[in-house]
Amino acid sequence: MAFYQLTRLAHLRQPLAALLSGQAALAFLPAMTLVACWLGGELALITASAALPLLYLAGQRFGDRLALPRDAVSGMLQRSTFEELTEQVFQRAKAQGRLSATFFISLEEFDKITERYGHGAADLIARQSGERLISVLRDDDNIGKMGEARFAICMAPVRQLDLELCIQLAGRLQAVLEEPISVDGVTVYLTASVGFCLNTRAPGGDGAAWLAAAATALRTAQRRGPSSIRAFSDQMRRDTESRTELREDVVQALDGGQIQPWFQPQISTDTGQITGFEALARWNHPVRGMIPPSDFLPAIEEAGLLERLAEVMMYHSFAALKAWDSSGTEVPQVGVNFAGSELANPRLIDKISWELDRFELTPDRLAVEVLETVVASAPDDVITRNINALGKLGCRIDLDDFGTGQASIASICRFSVSRIKIDRSFVMKADRDPDQQRMIGAILTMAERLGVETLAEGVETVGEHVLLAQLGCDHVQGFGIARPMPFEQTLDWIARHNAKLQDVPRIMDGRAT
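Residues numbered from 1 in each chain as written. Predicted model: local features only at pLDDT ≥ 70, side-chain atom pairs only at ≥ 80, totals over all residues. Heavy atoms only, no water.

The next thing to look at is helix H12 (residues 348-359). In a regular helix each residue adds 1.5 Å, so twelve residues correspond to 16 Å; H12 covers 17 Å between its end C-alpha atoms and thus fits that length. Buried within H12 we find Leu 348, Ile 349, Lys 351, Ile 352, Glu 355, Leu 356 and Phe 359. Buried positions in H12, seen along its axis, are confined to an arc of 165° and lie on one side of it. Away from its buried face by more than 90 degrees, H12 exposes Asp 350, Trp 354 and Asp 357. Turning to H12, the residues buried within the fold contact helix H10 (306-326), strand S11 (334-338), helix H11 (340-343), strand S12 (366-371) and helix H14 (382-393). (Helix = DSSP H or I, 4+ residues; strand = E, 2+ residues; numbered from the N terminus. Expected span 1.5 Å × (residues − 1). Buried < 20%, exposed > 50% of the residue type's maximum accessible area, 1.4 Å probe, protein only. Arc of directions from axis to C-beta. Contact = heavy atoms within 4.5 Å.)

Moving on, we get to the sheet that holds strand S2 (residues 142-147). Taken in spatial order, the five strands make up an open sheet running S2-S3-S1-S6-S7, and their pairing is mixed. Of all the strands in the sheet, the pair left with one neighbour each is S2 and strand S7 (229-231). Within this sheet the neighbouring strands show an average axis-to-axis angle of 20°, counted without direction. Strand direction decides the pairing type here: strand S1 (residues 101-107) and strand S6 (residues 192-198), joined by seven bridges, are antiparallel. (Pairing = 2+ DSSP bridges. Axes fitted to C-alpha atoms, helices over the stretch in contact; angles between N-to-C directions.)

The subject of this paragraph is the packing of helix H3 (residues 79-96) against helix H7 (residues 207-224). In the contact formed by H3 and H7, the axes pass within 8 Å of each other and the chain directions differ by 110°. One way to sum up the angle between H3 and H7 is to call them roughly perpendicular. Residue-level inspection shows Phe 82, Glu 83, Thr 86, Glu 87, Val 89 and Phe 90 of H3 in contact with H7, the latter providing Gly 207, Ala 208, Trp 210 and Leu 211. Class assignment of the residues belonging to the contact of H3 with H7 gives a composition of six nonpolar, two polar and two charged. (Parallel < 35°, antiparallel > 145°, perpendicular 65-115°, else oblique. Nonpolar A, V, L, I, M, F, W, Y, C, P; charged D, E, K, R; others polar.)

Quick look at the pattern of salt bridges now. Applying the stated criterion to the full structure yields 15 salt bridges. Here Asp 255 makes a salt bridge to Arg 308, at a shortest N to O gap of 3.0 Å. Placement of Asp 255 in helix H8 (residues 234-255) and of Arg 308 in helix H10 is noted, with a sequence separation of 53 residues between them. With a relative accessible area of 51%, Asp 255 lands in the exposed category. (Salt bridge = Lys/Arg side-chain N within 4 Å of Asp/Glu carboxyl O.)

With that settled, the discussion passes to the nonpolar core. Side chains of a nonpolar character, in soluble globular proteins, are inclined to be buried together. Within the largest apolar cluster, 74 residues are counted, with the highest numbers of intra-cluster contacts made by Ile 259, Trp 324, Phe 338 and Ile 420. Per-element accounting of this core gives the leading share, ten residues, to H10. Discounting residues that sit within four places of it in the chain, Trp 324 has contacts with Phe 263, Phe 277, Thr 329, Val 331, Val 334, Phe 487, Thr 490, Leu 491 and Ile 494. Membership of the second largest hydrophobic core comes to 34 residues, among which are Met 76, Ala 101, Leu 133 and Ile 153. (Core = buried A, V, L, I, M, F, W, Y, C linked by side-chain atoms within 4.5 Å.)

Once that is clear, we can look at the packing of aromatic side chains. Counted under the stated rule, the structure contains nine aromatic pairs. Measuring from centroid to centroid gives 5.4 Å for Phe 263 and Trp 324, while their planes differ by 75°, and the two rings are edge-to-face. Of the two residues, Phe 263 sits in strand S8 (residues 259-268) while Trp 324 sits in helix H10, which places them 61 residues apart along the sequence. In this structure, Phe 263 and Trp 324 share a single accessibility class: buried. Pairing Tyr 315 with Phe 359 gives two aromatic rings, centres 5.5 Å apart and planes at 65°, and the pair type is edge-to-face. One end of the pair, Tyr 315, is in helix H10; the other, Phe 359, is in helix H12, and 44 residues separate them in sequence. Through a chain of ring-to-ring contacts, three or more aromatic side chains come together here, namely Phe 263, Phe 277, Trp 324 and Phe 487. (Phe/Tyr/Trp six-rings, centres within 6.5 Å; stacked < 30°, edge-to-face > 60°.)

With 18 residues, helix H5 (residues 119-136) should cover 26 Å at 1.5 Å per step; its first-to-last C-alpha distance of 26 Å lies within 8% of that length. Along H5, the residues classified as buried are Ala 121, Ala 122, Ile 125, Ala 126, Ser 129, Gly 130, Arg 132 and Leu 133.

Moving on, we get to the pairing of strand S15 (residues 453-456). With four bridges joining them, strand S14 (residues 419-422) and S15 adopt parallel strand pairing. Counted as the bridge partner of Lys 421 is Leu 455 from S15. Chirality of the crossover, the property in question, places the unit of S15, helix H18 (residues 462-471) and strand S16 (residues 475-476) among those that are right-handed. (Right-handed = clockwise from strand over helix to strand, strands pointing away.)

Below, the discussion takes up unusual backbone geometry. Even without being a glycine, Glu 360 presents a positive backbone phi close to 55°. Along the chain, Glu 360 falls in the loop between H12 and S12.

A word on the environment of Val 186. Within the secondary structure layout, Val 186 lies in strand S5 (residues 186-188). For the pair Val 186 and Tyr 117, spaced 69 residues apart in the sequence, the C-alpha separation amounts to 9.6 Å. Excluding residues that lie within four positions of it along the chain, Val 186 makes contacts with Tyr 117 and Ile 181.

Function cannot be inferred from these measures alone, as they are strictly geometric.
Okay, structure coming up:
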C-alpha cells in the first residue's frame, strides 16, 4: 500500500512542482505580493515577501523527496519499481483508450567490454548509455535498468502512436547508444538491439505480459544479428511457446534416446573408399516426428545442455565404431562436433579418454570437429589447451566450415589441425563458377603447403565431385555422396558402396584389373 501511495504522489509530483517553481509562479509573484499588501497591510507584505521564495525552493525539491528507488550506477529506476510503474501505465492506457509502447534494449557483447576494459569502465559506459537514452525521452516516460547492459522504457500514454513511430523512436534510441564513448582516452564502439511492443499488441492483460513481449522481440532481434530492431508479433509468441516446449522436452529427449547421431559418409577422391563418417544430431520426437536441428539445437543451447549433447553423440558414435568393427566393416573414424562451451570444460580430456578406454578404441578413431570461428576467437586459455591436448592424445582435429571465419595460418598450426573442411558455400556450383574454382584452388594450395588434409562439404553433384578430385581435394562429403542416415542403414549403404567400387576398372601398371 505504501508503494502505491508513493507512486500516486510521484505522478502528481511534476504538475505540483511546475505550479510551485515554474515560470508561471515567477510571473505571479508581483501580483501575489500586491494582494498580500492590500489584504493585510505592510506586515502581510513583509511576510509574503519572505515566504514566497521559500515556497518556490520547496517546489523545486518537492519531487526529490518523492523520488522512487533507483539504480546506484545509472540512476535509473530499479527493475521492480519499473515493473510496477509499467503495470500502472498499462492499466491507465487501457482505461483511457490511449496508446503506449514498451522497449527492451540490450548493449551487445557487453561482457567482452567488461573483460577488456574492466568493471569501472563498464559502469561508466552503462551510466553514459542511460543518460543518452534519457536525453531522447520525454520527462514523463519511464526508464529502468533491467540488467548489466539492458534497459527498458515505458512510454507515457498518448493519443496517437503507431508502428512507424515506434520504429523511428527505436532507431533514435539505437543511434544514441551506438555513438562512440571515450573511456580513459580509448574510443569504445557499441552496438545495440531493440525490441518493442505496442500495448494494443500485448499478448496478455497486464503489464508483465506487455514487458515480456518486448523482451521476446529483443531476443528475436538479437538472433537476427547486431543492431537489429524488431516489433513483437503473434508469430514471435508462437515461436517462443514452441521453443519453451522444446526446452522442456529436450532433457527427456537426451536421456531417453530420442536424440541420436545420424551418420553421413566421407569418401576419398583418390580411391573412393570410405574414410569416415560425421555424426550429426537428429531428434525423432514421439509426437512431432523429426525436428530440424535448426529448431532443437538452439533449445539445447538455451537449456545449457550442449555438453550433455556432446556426451550423447560421443557415446553413440563410439558404439557405432565398435559395431562396424564387429561386422568386419572398415570405418577409420567418426567426426563429432564440439562447441566452444564444451571445449572450455577443464575435464574434457579425462572424459574423452575414459570413453575411448571404455569402448577399447584408439584416439585416432575420433575426429574432433571444431568450428573455424571458435579457433579464430579462442585465446590462450582452456579451449586452446584442450584442443592441443586432444591432438597430443592422438585424436584428429578437423577445422569445420573453413572459409566462413577468420582463422589465420598461425591458428591452423597452433592447434595442430589435421584437416580443414571447406565450407559448402565455396563448393556450391563450383564446377560452373570460375571464381569458386580459384577460391578452392587457393585453399587447397595453402593446405598442401601446411601438410593439412582437405575435405569439401556440401558436395551435391557429380560435376562438383569430379572438379574437387581434379583440383586435389582429399575427401568429399555431401548429399551427392549420401544423406545422413541412422546407424541401422549404414551397413547396407557401406555394402552397396563397396560393391560399386569393385565394379569400377582399376589401372595397375598400365593394365586394367
